[in-house]
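# Notes for the structure review
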Amino acid sequence: MSLRQYEYALAVAAEGSVTAAAEVLRVAQPSVSQQIRGLERELGVELFARTPSGLVPTAVGRAFLREAEVAVSASRRARATARAGADDLVGELVVAVQMGFGTRQLPGALNALRRRFPRLEVTVFEEPSSAELERLCRRGVLDLALMAACERTPADAHHLGDEEFVVVLGAGHRQLAADRVELRELDGEPWVRFDRDSALDGVLLHVLRDNGLTPTTAARVSQSATAVRWAAHGLGATLVPASAVPHGYEHLVRPVFPVVSQPVIAVVRSGSGPAGTALLEFLRQETWSESDSESDFGSYSPVS
């Protein structure tokens, strides 16, 4: 087996067909077919099932592809380290961002990183659930994770600042007349919530219960921007980091009382190399809502 076969199999899984994978890989279609057939023969299993909608990984194929992704990512990092010069870093940097945290700050930091290392490719997993973030961390896929602090945050985590949370209300809502919304005034309000294992839903549930409120769930979404848009249309209130509010909805946003904020930390994989270290430094230079100082925390598990 070869890394080329792994890359071809991952491309077929991502694109759903040999033809589309060949276009992405910029190779001839027969070459991809031959490599996949050779891989299946060597493994003695069928990696893909043919369906009306295209090629779909089998159960065995999905298990194989998870490990193939780890191997390919490790190979890319190894190549990047070998080729890296002071100003010519190449390869891939993999970043995961928990829901809503650093929405305003991350683009600026990535832009600065790309200016320093123009040949570097950055892959960002946006808004993974806590379980998904933990899985990615265990597999060693991530170079840097941007997340909320929690009880079992890594000891070497870097405190970037704090995200203040705001409530988003529908147009014409009575509480928009206030400069700051007292949470108890939202008693009986329906809420646009988030995936059950997400950091944001954990924050929302904790805040409401601390203020004696029992949430009535109007809907659940997986994206903070979607929650803001649905709240703006009157489906229910939602609570998100201030930096996660899309442009054009600021007039429907109010800070809350008592103030709700979460420390935002960056966890850099040991051995991530100069790219991970540089991105951390650029994130530190971004403006956060409160403290810009670094602090230490206890051992790791994502917020749930």
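Residues numbered from 1 in each chain as written. Predicted model: local features only at pLDDT ≥ 70, side-chain atom pairs only at ≥ 80, totals over all residues. Heavy atoms only, no water.

## Considerations on the overall build of the protein chain
How we decide: A helix here means a DSSP run of H or I that spans at least four residues, while a strand means a run of E at least two residues long, and both kinds are numbered starting from the N terminus. Note on exposure labels: buried denotes an accessible area under 20% of the residue type's maximum, exposed denotes more than 50%, and partly exposed covers the range between, all computed with a 1.4 Å probe on protein chains only. What makes two residues a contact is simply this: any of their non-hydrogen atoms within 4.5 Å. Surface accessibility in these figures is a Shrake-Rupley result with a 1.4 Å probe; residues are shielded only by whichever protein chains are displayed.
Scanning the protein chain from terminus to terminus reveals 9 helices and 12 strands. In the protein chain, which comprises 304 residues, the share counted as buried stands at 48%. Of the contacts formed within the protein chain by residues at least 6 apart in sequence, a portion of 79% connects residues at least 24 apart. Within the structure as shown, the protein chain displays about 14700 Å² of accessible surface, and the carbon and sulfur contribution to it stands at 49%.

## Observations concerning the packing of helix H1 (residues 3-15) against helix H3 (residues 29-43)
For clarity, the cut-off: As a rule, the C-alpha atoms of each element are fitted with a line to give its axis, helices using only the stretch in contact, and angles between N-to-C directions run from 0 to 180 degrees. For this classification, under 35 degrees means roughly parallel, over 145 means roughly antiparallel, 65 to 115 means roughly perpendicular, and everything else is oblique. Under this grouping Gly is polar, as are all residues other than the nonpolar Ala, Val, Leu, Ile, Met, Phe, Trp, Tyr, Cys and Pro and the charged Asp, Glu, Lys and Arg.
In the contact formed by H1 and H3, the axes pass within 9 Å of each other and the chain directions differ by 110 degrees. Overall, the two elements H1 and H3 adopt an arrangement that is roughly perpendicular. Within the contact between the two elements, H1 uses Arg4, Gln5, Tyr8, Ala9 and Val12 and H3 uses Ser31, Val32, Gln35, Ile36, Gly38, Leu39 and Glu42. Each residue belonging to the contact of H1 with H3 can be placed in one class, and the counts come to 6 nonpolar, 4 polar and 2 charged.

## Considering the packing of helix H5 (residues 105-116) against helix H9 (residues 274-285)
To be explicit about the condition: By definition, any crossing whose near helix is turned counterclockwise from its far helix by less than a right angle is left-handed, and any crossing with a clockwise turn is right-handed.
Interaxial distance between H5 and H9 falls to 9 Å at its minimum, and their mutual angle equals 135 degrees. The angle between the axes of H5 and H9 places the two elements in the oblique class. In the crossing of H5 with H9, the sense of the turn from one axis to the other is right-handed. Listed contacts from H9 to Gln105, Leu106, Ala109, Leu110, Ala112, Leu113 and Arg116 of H5 are Ala275, Ala278, Leu279, Phe282 and Leu283. Partitioned by chemical class, the residues of the contact of H5 with H9 number 10 nonpolar, 1 polar and 1 charged.

## Quick notes on the nonpolar core
For clarity, the cut-off: Among the buried residues, those of types Ala, Val, Leu, Ile, Met, Phe, Trp, Tyr and Cys that are joined through side-chain atoms within 4.5 Å form a nonpolar core.
By size, the foremost hydrophobic cluster in this structure holds 59 residues, and its most contacted members are Leu113, Val167, Trp191, Leu239, Leu279 and Leu283. Setting aside residues no more than four positions away along its own chain, tryptophan 191 makes contact with Val167, Leu186, Leu204, Leu208, Pro215, Thr216, Thr217, Ala218, Ala219, Ala237, Thr238 and Leu239. Counting 18 residues, the second-largest nonpolar core is a separate cluster that includes Val18, Ala21, Ala22 and Val72.

## Regarding the pairing of strand E4 (residues 120-126)
Heads up, the condition is: Strands were regarded as paired on the criterion that DSSP finds at least two bridges between them. For the handedness criterion, the strands are oriented away from the viewer, and a crossover whose path from the first strand over the helix to the second runs clockwise is classed as right-handed.
Inspection of the sheet shows strand E3 (residues 91-97) paired to E4 by 7 bridges, in the parallel sense. The partner of glutamate 92 across the bridge, within E4, is glutamate 121. Note on the crossover from E3 through H5 to E4: the handedness is right-handed.

## Remarks on the pattern of salt bridges
Note the following rule: Salt bridges are counted wherever a side-chain nitrogen of Lys or Arg sits within 4 Å of a carboxyl oxygen of Asp or Glu.
In total, this model carries 5 salt bridges according to the counting rule given. Glutamate 281 is the salt-bridge partner of arginine 284, the closest N and O atoms lying 2.3 Å from each other. Highlighted residues: arginine 284 and glutamate 281, both in helix H9, separated by 3 residues, approximately one helical turn. Overall, the relative accessible area of 24% leaves arginine 284 in the partly exposed class. Salt bridges here are not isolated pairs; linked through shared partners, they connect Arg193, Asp201 and Arg220.

## Quick notes on helix H2 (residues 18-25)
Threshold: Any pair of nitrogen or oxygen atoms within 3.5 Å is treated as a polar contact; in protein, a donor-acceptor pairing is required on top of that, and neighbouring residues in sequence qualify only through side-chain atoms on both sides.
Among all positions of H2, only Val18, Ala20, Ala21 and Ala22 are buried. Of the surrounding elements, those touching the buried residues of H2 are H1, H3 and strand E2 (54-57). The opening residue of H2 is serine 17, an N-cap whose side-chain oxygen sits 3.0 Å from the backbone nitrogen of alanine 20.

## So, unusual backbone geometry
Following phenylalanine 257, the chain continues to proline 258 via a peptide bond in cis, the omega torsion being -5 degrees. With respect to the element layout, proline 258 can be found in the loop between strand E11 (253-257) and strand E12 (261-268). One non-glycine residue, arginine 26, lies in positive phi territory at about 60 degrees. Within the secondary structure, arginine 26 is located in the loop between H2 and H3.

## Quick look at the confidence of the model for the protein chain
The following threshold applies: Note: pLDDT gives the predictor's confidence per residue, expressed from 0 to 100.
Looking at the protein chain as a whole, the pLDDT averages 83, with 85% of positions reaching at least 70. Counted against residues more than four places away or in other chains, residues 290-304, with its pLDDT under 50, gives 57 contacts.

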